[in-house]
Amino acid sequence: MKTILATLVASSTLTASVAMMATLDAIPAQAFKIFIGPDYGSTGDTGASALLNFDFSQSGDRVQLDLGIENTTNGTKGLGATAATLIGVAYEGPEIDPDDISLASYDKLSSNFGKLWNIDGEPPNLAIPVLQGLGVFDIAFSLERENFDVGSADGGLKAGESTSVRFLLNTDYAADDFSNVLEAAIRSNTVAIAGRFEQVNAGGGSDNVLGGIPANNSVPEPTTMAASILALGGLGFLKKKFKQKQAV
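Heads up: these notes are all about the structure in this document. This structure is a prediction, so every number in the text was calculated from the model and none was measured. (Residues numbered from 1 in each chain as written. Predicted model: local features only at pLDDT ≥ 70, side-chain atom pairs only at ≥ 80, totals over all residues. Heavy atoms only, no water.)

Focus: the nonpolar core
Step number 1: Within the largest apolar cluster, 43 residues are counted, with the highest numbers of intra-cluster contacts made by Phe-54, Phe-141 and Phe-167.
Step number 2: At five residues, the largest contribution of residues to this core is made by helix 1 (residues 175-187).
Step number 3: Residues in contact with Phe-167, not counting those within four places in the same chain, are Val-63, Gln-64, Leu-65, Leu-67, Leu-103, Ser-105, Tyr-106, Leu-116 and Phe-141. (Core = buried A, V, L, I, M, F, W, Y, C linked by side-chain atoms within 4.5 Å. Buried < 20%, exposed > 50% of the residue type's maximum accessible area, 1.4 Å probe, protein only. Helix = DSSP H or I, 4+ residues; strand = E, 2+ residues; numbered from the N terminus. Contact = heavy atoms within 4.5 Å.)

Okay, here's the thing in structure tokens:
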């Protein structure tokens, strides 16, 4: 369970400036959806929300993840925001061994999410994805900006819009197995996923929102993720806890 999503962190040679990957030989595997919304925890409760579709396939000896992203903000949640711009998505999980899983490449495809953030990035402290109120994440992608949660939202994903990005992973997992392990980890709150929204027409105008998988995988339901993360003062506590577990 520990070699999973922060798995997307993995390699110290992580780079976003890579060539587009050939996908003609990709063999479809399993898929699942993650809902980002105030049901799972939000610093502003604006009602900004999104849907992530994790679509895995086997590409030779690697696993390809096509991540579909839809801004589902529609006025039905939280403070009732009807407009919000998604500028990026961040991931947090336990420490892993880069020899188990590493990121071969990242492709923004036709999206505007051209910047990849990595906690191990260079130069120090400039490439770390931080979400105020939630803490430091392992890896993230966003619009081009100097700080993950501060900057222009121009070109971001507005309510009702959708796009996709692609990750290619080096791993001994087969695509189906990788999908199963990752989905189980998200359901058990072993890893966390969050979206950064700006230009929100409710609350303070921005929001950092957590995500999860509902019990029936179709209709979002509250989980304990918000309480377990926010009440403990952010994801920094979780990261410390995971490191301590590994050291045992």
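Let's talk about the pattern of salt bridges
Step number 1: Scanning the entire structure with this criterion turns up five salt bridges.
Step number 2: Salt-bridge contacts for Arg-166 lead to Asp-66; the nearest nitrogen and oxygen are separated by 2.5 Å. Here the residue Arg-166 occupies a position in strand 11 (residues 162-171), and Asp-66 occupies one in strand 3 (residues 62-71), the gap between them amounting to 100 residues. Taken individually, Arg-166 and Asp-66 each receive the classification buried, so the pair is uniform in this respect.
Step number 3: We note a salt bridge from Glu-198 to Arg-145, for which the minimum N-O separation is 3.0 Å. Taken together, the residues Glu-198 in strand 12 (residues 192-198) and Arg-145 in the loop between strand 9 (139-142) and strand 10 (157-158) connect sequence positions 53 residues apart. Side by side, Glu-198 and Arg-145 carry an identical accessibility label, which is buried.
Step number 4: In this structure, a network of salt bridges that share partners links the residues Arg-145, Arg-196 and Glu-198. (Salt bridge = Lys/Arg side-chain N within 4 Å of Asp/Glu carboxyl O.)

Details of the environment of Ser-111
Step number 1: The topology assignment puts Ser-111 in the loop between strand 5 (101-107) and strand 6 (115-118).
Step number 2: Given the relative accessible area of 3%, Ser-111 is considered buried.
Step number 3: Residues Ser-111 and Gly-155, spaced 44 residues apart in sequence, show a C-alpha to C-alpha distance of 8.9 Å.
Step number 4: Beyond its immediate chain neighbours, meaning those up to four positions away, Ser-111 contacts Thr-163, Ser-164 and Val-165.
Step number 5: In this structure the side chain of Ser-111 is engaged in a polar contact, spanning 2.7 Å, whose partner is the backbone oxygen of Lys-108.
Step number 6: In terms of polar contacts, Ser-111 uses its side chain to reach the backbone amide nitrogen of Phe-113, at 3.1 Å. (Polar contact = N/O pair within 3.5 Å; in protein donor to acceptor, adjacent residues only side chain to side chain.)

Re helix 1
Step number 1: Compared with an ideal rise of 1.5 Å per residue, which puts 13 residues at 18 Å, helix 1 spans 18 Å between its outermost C-alpha atoms and is within 8% of the ideal.
Step number 2: Those residues of helix 1 that fall on the buried side of the exposure criterion are Ala-175, Phe-178, Ser-179, Leu-182, Glu-183, Ala-185 and Ile-186. The buried residues of helix 1 occupy one face: seen down the axis, they fall within an arc of 160°.
Step number 3: Looking one or two residues past helix 1, Asn-189 carries a phi angle of roughly 65°, positive in sign. (Expected span 1.5 Å × (residues − 1). Arc of directions from axis to C-beta.)

Quick look at the packing of aromatic side chains
Step number 1: Under the definition given, this model contains 11 aromatic pairs.
Step number 2: Consider the rings of Phe-141 and Phe-167, whose centres lie 6.1 Å apart with planes at 55°: the pair is tilted. Placement of the pair is Phe-141 in strand 9 and Phe-167 in strand 11, with a sequence separation of 26 residues. Summarising the burial analysis for this pair, Phe-141 and Phe-167 share the class buried.
Step number 3: Between Tyr-173 and Phe-178 the ring centres are 6.0 Å apart and the planes differ by 75°, which places this aromatic pair in the edge-to-face class.
Step number 4: Here Tyr-173 falls in the partly exposed class, since its relative accessible area comes to 25%.
Step number 5: Owing to a relative accessible area of 2%, Phe-178 belongs among the buried residues under this scheme. (Phe/Tyr/Trp six-rings, centres within 6.5 Å; stacked < 30°, edge-to-face > 60°.)

Some remarks on unusual backbone geometry
Step number 1: Residues other than glycine seldom take positive phi values, yet Asn-189 does so here, at roughly 65°.
Step number 2: Looking at the secondary structure, you find Asn-189 in the loop between helix 1 and strand 12.
Step number 3: The exposure class assigned to Asn-189 is partly exposed, which follows from its relative accessible area of 22%.
Step number 4: Of note in this structure, Gln-199 is not a glycine but carries a positive phi near 55°.
Step number 5: Secondary-structure assignment places Gln-199 in the loop between strand 12 and strand 13 (207-212).
Step number 6: You can call Gln-199 partly exposed: its relative accessible area is 41%.

What about the side chain of Thr-46?
Step number 1: Considering the arrangement of structural elements, one finds Thr-46 in the loop between strand 1 (27-36) and strand 2 (50-59).
Step number 2: Relative accessible area serves as the criterion here: at 0%, Thr-46 is assigned to the buried category.
Step number 3: In terms of polar contacts, Thr-46 uses its side chain to reach the side chain of Asp-207, at 2.8 Å.
Step number 4: With sequence-adjacent residues up to four places away left out, Thr-46 is seen in contact with Lys-77, Gly-78, Leu-79, Gly-80, Ala-81, Val-200, Ala-202, Gly-203, Ser-206 and Asp-207.

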